[in-house]
Amino acid sequence: MTVESTTERVLRVLALLQSRPSWTADELAAELGVTDRSVRRDVDRLRALGYPVRATPGVGGGYQLGAGTRLPPLLLHDDEAIATAVSLRLASGSTIAGAAEAALRALAKLDQVMPPRLRAEVRAIYGATETVVGAGTEIDADTLLALARACRDATRVRFRYTTRQEADDERTVEPVRMVAAGQRWYLMAWDVDRDDWRTFRLDRMRDMSLTTWRFRPRQHPDPVSYVQRSVTESPYRYIARIRLRADADQVRDMVPPQVGRVEDDEDGWCVLVVGADDPDWVVMHVARMGFEAVVLEPPELRAAADRLATHLAAIASRSDR
């Protein structure tokens, strides 16, 4: 057997090990058309190259590709390479500090080795796509990774936090999940001192440190729903509820999740919930949506609607004259 064919087979073994969690020696031998002994030799070659291939003996055992001390080269199928390239392009507009530069470096490496036919497909996707990057606040990548580990390992975290209403103060929390909404990152956690669930903006955290205190995870609300409710309601003076004659998904397309939430109703209606300090702002934007609307609460919103209607009627009257 030539060196080229051996190398090709070893790469095929690597691709198979990356495609699913575990393979028996018989399964690999059948896929490759070789003997079990050849499979063992190929696995030894992969280990020599730095790939941590674990072998589990006995019935139900097999070969597994594990995590090592360094990142070895990855093999990607055509569709995986295209998806990775497109994702890296999107990540180049990231709000994570350093992620944009790292994404561009990785994209350059991938583009260099990508076959011309795949490169052409990726270029076509780039040419047909535009990315709108909002004015998000940049997040330190180390903070993001540390919080991810704390969520995974159920470890308490301490940090200093600043809100619009409160001065900088120290918090001790039991983190559950991070949620990305719009161009901002949020942490849902149990606030130990306040004995309640809280939402924290990552860009407002300072001097964060992981403790050695492991906690027992408790029952918690759905992180996405909880963060959305906290972001759209809790910081504001008024919580507006407006019933709209429109499909809920249609309204969700018009209202970003960090601005408001939409509840399904019946008979072709839905309910929009928006937090605001200025009722006039809410009324103006709801009017611009163009749907039949009924103000459910608060009373200040009905008064704002009356003011807007009077103002528009006066404008129309002057136009007539």
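How each quantity is defined
Residues numbered from 1 in each chain as written. Predicted model: local features only at pLDDT ≥ 70, side-chain atom pairs only at ≥ 80, totals over all residues. Heavy atoms only, no water. Buried < 20%, exposed > 50% of the residue type's maximum accessible area, 1.4 Å probe, protein only. Helix = DSSP H or I, 4+ residues; strand = E, 2+ residues; numbered from the N terminus. Pairing = 2+ DSSP bridges. Contact = heavy atoms within 4.5 Å. Axes fitted to C-alpha atoms, helices over the stretch in contact; angles between N-to-C directions. Parallel < 35°, antiparallel > 145°, perpendicular 65-115°, else oblique. Left-handed = near helix turned anticlockwise from the far one by under 90°. Nonpolar A, V, L, I, M, F, W, Y, C, P; charged D, E, K, R; others polar. Salt bridge = Lys/Arg side-chain N within 4 Å of Asp/Glu carboxyl O.

- The protein chain is annotated in an unreviewed UniProt entry as YafY family transcriptional regulator from Rhodococcus pyridinivorans.

1. Digging into the pairing of strand β6 (residues 169–181)
Part 1 of the argument: Burial within β6 is extensive, with ten of its 13 residues counted as buried.
Part 2 of the argument: Relative to β6, strand β5 (residues 155–161) runs antiparallel, the two sharing five bridges. Pairing of Tyr161 across the sheet is with Asp169, part of β6.
Part 3 of the argument: Sheet topology places β6 next to strand β7 (residues 184–191); eight bridges connect them, and they run antiparallel. Looking at the pairing, Val173 lines up with Asp191 of β7.

2. Regarding the side chain of Asp191
Part 1 of the argument: Following the sequence through the fold, Asp191 ends up in strand β7.
Part 2 of the argument: In this structure Asp191 touches Arg171, Thr172, Val173, Asp196, Arg198 and Phe200, once residues within four positions along its chain are discounted.

3. Quick word on the packing of helix α4 (residues 78–91) against helix α6 (residues 116–127)
Two packed helices can be described by the angle between their axes and the distance between those axes.
Part 1 of the argument: Interaxial distance between α4 and α6 falls to 10 Å at its minimum, and their mutual angle equals 40°. Taken together, α4 and α6 sit at an angle that is classed as oblique. For α4 against α6, the interelement crossing comes out right-handed. Counting all contacts with α4, which are made through Asp78, Ala81, Ile82, Ala85, Val86 and Arg89, the residues of α6 involved are Arg117, Leu118, Glu121, Val122, Ile125 and Tyr126.
Part 2 of the argument: For the contact of α4 with α6, a count of residues per class yields eight nonpolar, no polar and four charged.

4. As for the sheet that holds β6
Part 1 of the argument: Taken in spatial order, the five strands make up an open sheet running β8-β7-β6-β5-β9, and their pairing is antiparallel. Taken across any chain shown, the strands that pair with only one partner, and hence form the sheet edges, are β8 (196–201) and β9 (205–214). Neighbouring strand axes in the sheet, compared pairwise and without regard to direction, differ in orientation by 45° on average.
Part 2 of the argument: The pairing of β5 with β9 spans five bridges and is antiparallel. Residue Thr155 lies in a different strand from β9, and its bridge partner there is Arg214.

5. Considering the pattern of salt bridges
Part 1 of the argument: Within the structure shown, the criterion is met by 21 salt bridges.
Part 2 of the argument: Close ionic contact of Arg117 with Asp78 constitutes a salt bridge, the shortest N to O distance being 2.8 Å. Here Asp78 lies in helix α4 and Arg117 lies in helix α6, a separation of 39 residues in the sequence.
Part 3 of the argument: Note on Asp78: relative accessible area 35%, which makes it partly exposed.
Part 4 of the argument: Where Glu174 meets Arg218, a salt bridge forms, and the shortest distance between an N and an O atom there is 3.2 Å. With a gap of 44 residues between them, Glu174 in strand β6 and Arg218 in the loop between β9 and α8 (223–232) connect regions that are remote in the sequence.
Part 5 of the argument: By relative accessible area, which is 5% here, Glu174 ends up buried.
Part 6 of the argument: Here Arg218 falls in the partly exposed class, since its relative accessible area comes to 36%.

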